[in-house]
Amino acid sequence: FVVRAAASVELAESSAREALLPYEESVAGSEFPLLFMPFMMHQNEVMRRRLPDVEDLPFDAELSFQSSSKKAARIESWCYKTSR
């Protein structure tokens, strides 16, 4: 799901990561609930239903996913385009 741009910047495509959802377990451990996963799944469903022409808008892979080693956490960004 990572594409190389001409300037050797890696580009991420959100749909590749979206296909891996839902996550089954928190990066902090199984005793921690996935607080935002139900919202994320609902948001993607609504987006796909209301915007049938939604497409990936590749963006800098470094901005697409970050994780913390100090405190178990992950932050993801998603980027799409549509005619609306």
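See above for the structure.
Sequence positions are assigned chain by chain, starting from 1 and proceeding in written order. Per-residue local features are limited, in this predicted model, to residues with pLDDT of at least 70; the limit for side-chain atom pairs, both in listing and counting, is 80 or more; totals at the level of whole chains, interfaces and linings are taken over all residues. As a rule here, side-chain values cover all heavy atoms of the structure and leave hydrogens and water aside.

With that settled, the discussion passes to the side chain of D56. Only DSSP runs of H or I reaching four residues or more are called helices, and only runs of E reaching two or more are called strands; each is numbered from the N terminus. Within the element layout of this structure, D56 appears in strand 3 (residues 55-56). Separated by 2.9 Å, the side chain of D56 and the backbone nitrogen of S14 make a polar contact. Engagement of the side chain of D56 in a polar contact is seen with the side chain of S15, the distance being 2.4 Å. By definition, residues are in contact when any of their heavy atoms lie within 4.5 Å. Those residues in contact with D56 that lie beyond four places of it in its chain are E13, S14, S15, C79, Y80 and K81. What qualifies as a polar contact is a pair of N or O atoms within 3.5 Å, subject to a donor-acceptor requirement within protein and to the restriction that residues adjacent in sequence count only when both atoms come from side chains.

What follows concerns the environment of Q43. Tracing the backbone shows Q43 in helix 2 (residues 37-50). Relative accessibility decides the category of a residue: with a 1.4 Å probe and only protein chains considered, values under 20% of the type maximum give buried, values over 50% give exposed, and everything between is partly exposed. Residue Q43 is classed as partly exposed on the basis of its relative accessible area, which comes to 38%. Linking Q43 and E10, residues 33 residues apart in sequence, is a C-alpha distance of 26 Å.

All right, on to the environment of K81 then. As for its placement among the helices and strands, K81 is situated in strand 7 (residues 80-81). On the accessibility criterion, K81 (40% relative accessible area) is partly exposed. Considering only alpha carbons, one finds K81 and L63, 18 residues apart in sequence, at a separation of 17 Å. Excluding anything up to four places from it in sequence, K81 contacts D53, V54, E55, D56 and L57.

Looking now at the side chain of E18. The topology assignment puts E18 in helix 1 (residues 14-18). A polar atom in the side chain of E18 sits 2.6 Å from the side chain of R48. Setting aside its immediate chain neighbours within four residues, E18 contacts N44, R48, W78 and Y80.

The subject of this paragraph is the pattern of salt bridges. We define a salt bridge as a contact between a side-chain nitrogen of Lys or Arg and a carboxyl oxygen of Asp or Glu at a distance within 4 Å. Taken as a whole, this structure holds 3 salt bridges when the rule is applied. Note that R17 and E76 form a salt bridge whose closest N and O atoms lie 2.9 Å from each other. Placement of the pair is R17 in helix 1 and E76 in strand 6 (residues 73-76), with a sequence separation of 59 residues. On the basis of relative accessibility, which here comes to 18%, the residue E76 falls in the buried class. Across the salt bridge formed by E45 and R49, the nearest N and O atoms sit 3.1 Å from each other. With E45 and R49 both in helix 2, this residue pair falls 4 residues apart, about one helical turn. On the basis of relative accessible area, R49 is assigned to the exposed category, the value being 51%.

These results come straight from atomic positions and should not be treated as a statement about function.
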